[in-house]
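# Coordinates in review
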Amino acid sequence: MTDDTAPRNGPIEGTGRILAELLRTPRFKQTVRILLSELDPQNAALLVRTLLWTDPEFSLGLMAAAPDLLNAGIVAVDELVRQLAGFPPALLGQFAAQALAGLDAERLGSTLGGIAVLAATTGAAAGDSLADAASAFVGRFAGGLSSVEGMNVADLARGLAGGITSFAAENPEFMKSVVGPLAGACREALDIAGAGGEGEEVP
């Protein structure tokens, strides 16, 4: 992890300095409010297709910077969470409820499903290199989770398990028709992996 007490100069650092000045300008803030009120998220797919296929060579070059871009987003969200901790819980709860109500849950489910399929096909093609990278990622992720002050991973796991149990009790049809088949597929995949990837059944 890099030392954020002495950030190096770069585009993000420069943008932060410029933004600090712009936020002191009422006209800029009014412009941002207007732009946000006119957002058209349904056209995001068109933007992605344009960026990816208009010049594939350029787009693939940009994808090489994906880890840095994702890391920037992760750092930004991490800092946002730390700062939000200073807000009153009731206010945060109201904001979270409004944000959740406005999310496109159907598209989110489709996206996660697509990521799972893409990960499976990519993993099969990449072999051990991707598996090793994924294992190392999970280890670092667990370390980061454990480093949060006041965070007890065991308590978190119990809380998640309790939440899943409550959801299952309230949504039996969803669990039966969606989660059940997925869980069965996961168990079958684990059995195959435990058998050495040969595909034979494990008693």
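Definitions and limits used
- Residues numbered from 1 in each chain as written.
- Predicted model: local features only at pLDDT ≥ 70, side-chain atom pairs only at ≥ 80, totals over all residues.
- Heavy atoms only, no water.
- Helix = DSSP H or I, 4+ residues; strand = E, 2+ residues; numbered from the N terminus.
- Buried < 20%, exposed > 50% of the residue type's maximum accessible area, 1.4 Å probe, protein only.
- Patch = residues over 30% accessible without salt bridge, like charges linked within 9 Å, V, L, I, M, F, W, Y side chains within 5 Å.
- Areas by Shrake-Rupley, 256 points an atom, 1.4 Å probe, with all protein chains shown as cover.
- Salt bridge = Lys/Arg side-chain N within 4 Å of Asp/Glu carboxyl O.
- Contact = heavy atoms within 4.5 Å.
- Expected span 1.5 Å × (residues − 1).
- Axes fitted to C-alpha atoms, helices over the stretch in contact; angles between N-to-C directions.
- Parallel < 35°, antiparallel > 145°, perpendicular 65-115°, else oblique.
- Nonpolar A, V, L, I, M, F, W, Y, C, P; charged D, E, K, R; others polar.
- pLDDT = per-residue confidence, 0-100.

## Some thoughts on the overall build of the protein chain
A tally of regular secondary structure across the protein chain gives ten helices and zero strands. In the protein chain, the succession of helices and strands from N to C terminus is α-α-α-α-α-α-α-α-α-α. The proportion of buried residues among the 203 residues of the protein chain is 1%.

## Examining a nonpolar patch on the surface
A surface patch of nonpolar side chains, amounting to about 330 Å² of accessible area, comprises Ile18, Leu19, Leu22 and Leu23. For leucine 22, the location among the structural elements is in helix α1 (residues 11-22).

## Here we look at the side chain of serine 59
On the secondary structure map, serine 59 appears in helix α4 (residues 56-63). Sequence-distant contacts of serine 59, defined by excluding residues within four places in its chain, comprise Leu51 and Leu52.

## Side note on the pattern of salt bridges
Applying the stated criterion to the full structure yields three salt bridges. One salt bridge in this structure joins arginine 17 and glutamate 13, with 2.6 Å as the shortest N-O distance. One end of the pair, arginine 17, and the other, glutamate 13, are both in helix α1, four residues apart, so they sit about a helical turn from each other. Across the salt bridge formed by arginine 82 and aspartate 78, the nearest N and O atoms sit 2.9 Å from each other. Of the two residues, arginine 82 and aspartate 78 are both situated in helix α5 (residues 66-84); the distance of four residues between them amounts to about one turn of the helix. The exposure class assigned to arginine 82 is exposed, which follows from its relative accessible area of 56%.

## Some remarks on helix α7 (residues 105-126)
Look at α7: 31 Å from first C-alpha to last across 22 residues, which is about the 32 Å you get at 1.5 Å a residue. Phi turns positive, to about 75°, at glycine 127, one or two residues after α7.

## Re the packing of α7 against helix α8 (residues 128-146)
Between α7 and α8, the least distance of the axes is 6 Å, while the angle of their chain directions is 120°. Between α7 and α8, the interaxial angle falls into the category oblique. Residues Thr122, Gly123 and Ala126 of α7 form the contact with α8, whose participating residues are Asp128, Ser129 and Leu130. Across the contact of α7 with α8, the residue classes tally to two nonpolar, three polar and one charged.

## Some points on the confidence of the model for the protein chain
Per-residue pLDDT for the protein chain averages 82, and the proportion of residues at 70 or more is 88%. Averaged pLDDT values for the elements of the protein chain fall to 76 in helix α10 (residues 172-194) and rise to 92 in helix α2 (residues 26-37).

## Section: the packing of helix α3 (residues 44-53) against α4
The interhelical angle for the contact between α3 and α4, taken along N-to-C directions, is 105°, at an axis separation of 6 Å. The orientation of α3 relative to α4 falls into the category roughly perpendicular. Residues Leu51, Leu52 and Trp53 of α3 form the contact with α4, whose own contacting residues are Pro56, Ser59 and Met63. Class assignment of the residues belonging to the contact of α3 with α4 gives a composition of five nonpolar, one polar and no charged.

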